[in-house]
Amino acid sequence: MPEELSPNIQDYLKRIFEITASSGGKATTNQLAAVLGISPASVTNMVQKLSKTSPPYLAYQKHQGVSLTAAGRRAALKIIRRHRLIEHYLVKALGYTWDEVHKEAEILEHAMSPTLESRIDAALGYPDFDPHGDPIPDADLVLPEVEQTALSRLPVGQFAVVIRVPHEDPQVLQYLGKCGLRPGAEIKLVARTPYDQTMRVLILSTDEEVVIGPTLGDQITLSTGK
Ligand SMILES: [Zn+2]
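Source: prediction; values computed, not measured. (Residues numbered from 1 in each chain as written. Predicted model: local features only at pLDDT ≥ 70, side-chain atom pairs only at ≥ 80, totals over all residues. Heavy atoms only, no water.)

Describing the coordination of the zinc ion
Okay, so step 1: Listed as protein donors to the zinc ion are H83 (NE2), E87 (OE), H102 (ND1) and H167 (ND1); their distances from the metal cover 1.8 to 2.2 Å.
Okay, so step 2: Taken together, the four donor atoms coordinating the zinc ion and their angles of 92 to 131° define a geometry best described as tetrahedral.
Okay, so step 3: Along the chain, the residues donating to the zinc ion fall in the pattern H-x3-E-x14-H-x64-H. Of this pair, H83 and E87 both sit in helix α4 (residues 70–94), separated by four residues, roughly a single helical turn. The pair H83 / E87 is uniform in exposure class, with both members buried. (Donors = N, O, S within 2.8 Å, 3.2 Å for Na, K, Ca; no water. Tetrahedral: all angles 85-135°; square planar, octahedral: opposite > 155°, others 65-115°. Helix = DSSP H or I, 4+ residues; strand = E, 2+ residues; numbered from the N terminus. Buried < 20%, exposed > 50% of the residue type's maximum accessible area, 1.4 Å probe, protein only.)

Structural data, given as structure tokens:
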């Protein structure tokens, strides 16, 4: 990468990576406007700009959404690596709880030198996953691969192990943490209501049942051991 990108551009690329990683396809300007909290018109401006840099960071065609180029993907993974290392470091080394770290990481990810990044990585023993179960890209920006399926797609009656939970909303994390629904926890899907897809999930270690709505169920991923 030629030079360090501005925090604003780093956030764009990171958000596009997150949206396209879960949906597989392209991000729309409306989706981006919603997660960035700005108007679709300003998103369109920025997206056009980033598709004309050299090298371009985005591939953009009007009305067809936007995706990352190879250069854009590398830039996004670089900032995601820092974000996830910071979250992990704050929990492991400084005793933060997992619901406190996202806000700090949003700020610190833009202020981290390559040296600090590799020192933190080494101090943590080169971890593959952060406290929320998100994979941490390694120094070459390679993401560890994991077979995972969304909780919302798990058949009723099936057992599974939690891989990841969403990292952003402190209230969600406090709720999940209190119930013991964390990466590594064994669970069983007890029931799913047919009319609104709300799920009842049993946590095996605490023998507690939690209620999870469909939106959260899409964001929690599991390994079914297959
Ligand atoms: Zn986060």
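From this point on, the discussion continues.
Considerations on the pairing of strand β7 (residues 208–212)
Okay, so step 1: Where strand β6 (residues 199–203) meets β7, five bridges bridge the pair, whose relative direction is antiparallel. What sits directly across from M199, in β7, is I212.
Okay, so step 2: Taken together, β6 and the strand that follows it, β7, pair antiparallel across an intervening segment of four residues, in which D207 is found at a positive phi of about 60°. (Pairing = 2+ DSSP bridges.)

Quick notes on the packing of α4 against helix α6 (residues 114–123)
Okay, so step 1: At a minimum axis distance of 10 Å, the contact between α4 and α6 shows a crossing angle of 50°. It follows that α4 is oblique to α6 by the angle criterion. The two elements α4 and α6 cross, and the hand of that crossing is left-handed. Each of R81, R82, L85 and Y89 in α4 lies in contact with α6, whose residues at this interface are P114, E117, I120 and D121.
Okay, so step 2: In the contact of α4 with α6, the residues fall into four nonpolar, no polar and four charged. (Axes fitted to C-alpha atoms, helices over the stretch in contact; angles between N-to-C directions. Parallel < 35°, antiparallel > 145°, perpendicular 65-115°, else oblique. Left-handed = near helix turned anticlockwise from the far one by under 90°. Contact = heavy atoms within 4.5 Å. Nonpolar A, V, L, I, M, F, W, Y, C, P; charged D, E, K, R; others polar.)

Let's talk about the pattern of salt bridges
Okay, so step 1: Under the defined criterion, the tally for this structure stands at ten salt bridges.
Okay, so step 2: With its nearest N and O atoms 2.6 Å apart, the salt bridge here joins K14 to E106. Pair noted here: K14 is in helix α1 (residues 7–23) and E106 is in helix α5 (residues 101–108), with a separation of 92 residues, a long-range link.
Okay, so step 3: By relative accessible area, which is 3% here, K14 ends up buried.
Okay, so step 4: For the salt bridge of R82 with E117, the shortest nitrogen-to-oxygen distance reads 2.7 Å. Remark: E117 occurs in helix α6 and R82 occurs in helix α4; sequence separation between them is 35 residues.
Okay, so step 5: E117 sits in the buried class, given a relative accessible area of 11%.
Okay, so step 6: Salt bridges here are not isolated pairs; linked through shared partners, they connect D11, K14, E106 and E109. (Salt bridge = Lys/Arg side-chain N within 4 Å of Asp/Glu carboxyl O.)

By themselves, these are just geometric observations and shouldn't be taken as functional.
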